[in-house]
Amino acid sequence: ARLAEEARLAEEARLAEEARLAIGFPVYVEKTVKGTGIVKQYTYYGLRQTGGVWSATQVEAKLRGTPGSDLLIFERGSANAKLDDSEFDAVKLTQF
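Residues numbered from 1 in each chain as written. Predicted model: local features only at pLDDT ≥ 70, side-chain atom pairs only at ≥ 80, totals over all residues. Heavy atoms only, no water.

Novice: Explain the overall build of the protein here, please?
Specialist: For the protein, the count of helices and strands is two helices and six strands. The linear arrangement of helices and strands in the protein, starting from the amino end, is α-β-β-β-β-β-β-α. When contacts within the protein are restricted to residue pairs at least 6 apart in sequence, long-range pairs at least 24 apart make up 14% of them. (Helix = DSSP H or I, 4+ residues; strand = E, 2+ residues; numbered from the N terminus. Contact = heavy atoms within 4.5 Å.)

What follows is the structure in structure tokens.
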């Protein structure tokens, strides 16, 4: 019973730490592609910092001046995933 209580308290402390490092409103960012001048617009929802790594539960992306946007929803994952751009190739994303 003592170990279970210690585990519960440790989990509560961890969740409290994460809550202090979360942003409760959307964060809007614009990035301009070098050479082309295309402006990419990103809106991050559920932004938080865990172990020094920033992540979001949802990311909306669009190109300025074009209709529509893409919404990425992350249901689970790891701050240690070490992903690069090739992991997000459109062909790979549609294959299950």
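Still more to cover.
Novice: Quick question: what am I supposed to make of a nonpolar patch on the surface here?
Specialist: A cluster of nonpolar residues, Leu 72, Phe 74, Leu 83 and Phe 88, forms a patch on the protein surface that exposes about 370 Å² of accessible area. With respect to the helices and strands, Phe 74 occurs in the loop between β6 (70-73) and α2 (90-93). (Patch = residues over 30% accessible without salt bridge, like charges linked within 9 Å, V, L, I, M, F, W, Y side chains within 5 Å. Areas by Shrake-Rupley, 256 points an atom, 1.4 Å probe, with all protein chains shown as cover. Salt bridge = Lys/Arg side-chain N within 4 Å of Asp/Glu carboxyl O.)

Novice: When you look at the nonpolar core in this model, what are you seeing that I'm missing?
Specialist: A general trend in soluble globular proteins is that nonpolar side chains are found buried together. Listed in full, the five residues of the largest apolar core are Tyr 42, Tyr 44, Leu 47, Ala 56 and Val 59. Aside from chain neighbours lying at most four places away, what touches Val 59 is Tyr 42, Thr 43, Tyr 44, Asp 70, Leu 71, Leu 72 and Phe 74. (Core = buried A, V, L, I, M, F, W, Y, C linked by side-chain atoms within 4.5 Å. Buried < 20%, exposed > 50% of the residue type's maximum accessible area, 1.4 Å probe, protein only.)

Novice: Whenever I open this one, the packing of aromatic side chains confuses me. Can you help?
Specialist: Aromatic rings in a pair are described by how distant their centres are and how their planes are angled relative to each other. With the rule as written, the count across this model stands at one aromatic pair. Summarising the aromatic geometry, the rings of Tyr 42 and Tyr 44 are spaced 6.3 Å apart at their centres and angled 20 degrees between planes, so their arrangement reads as stacked. The residues Tyr 42 and Tyr 44 share a single accessibility class, namely buried. A cation sits over an aromatic face here: Lys 31 above Tyr 42, 5.4 Å from the ring centre. (Phe/Tyr/Trp six-rings, centres within 6.5 Å; stacked < 30°, edge-to-face > 60°. Lys NZ or Arg CZ within 6 Å of the ring centre and 35° of its normal.)

Novice: Looking at this structure, I do not really get the pattern of salt bridges. What am I missing?
Specialist: If the charged atoms of two oppositely charged side chains come close together, the side chains can form a pair. Counted according to the given criterion, the structure contains three salt bridges. Between Glu 6 and Arg 2 there is a salt bridge whose closest N-O contact spans 3.3 Å. Pair noted here: Glu 6 and Arg 2 are both in helix α1 (residues 2-20), with a separation of four residues, about one helical turn. Accessibility expressed as a relative area gives 38% for Glu 6, which makes it partly exposed. The partner of Arg 64 in a salt bridge is Glu 30, with the nearest N and O atoms 2.6 Å apart. With Arg 64 in the loop between β5 (58-63) and β6 and Glu 30 in strand β1 (residues 27-32), this residue pair connects regions lying 34 residues apart in the sequence. Arg 64 gets classed as partly exposed once you look at its relative accessible area, which sits at 46%. With a relative accessible area of 38%, Glu 30 lands in the partly exposed category.

Novice: When you look at the sheet that holds β5 in this model, what are you seeing that I'm missing?
Specialist: Pairing between sheet strands relies on hydrogen bonds along the backbone, with the strands arranged either parallel or antiparallel. Spatially, four strands are ordered β1-β2-β5-β6 in an open sheet, and the strand pairing comes out antiparallel. The sheet terminates laterally at β1 and β6, the two strands that pair on one side only. Neighbour-to-neighbour, the strand axes of this sheet turn through a mean angle of 20 degrees, independent of strand direction. Sheet topology places β1 next to strand β2 (residues 39-45); six bridges connect them, and they run antiparallel. From the neighbouring strand, Val 29 faces β2, where its bridge partner is Tyr 42. (Pairing = 2+ DSSP bridges. Axes fitted to C-alpha atoms, helices over the stretch in contact; angles between N-to-C directions.)

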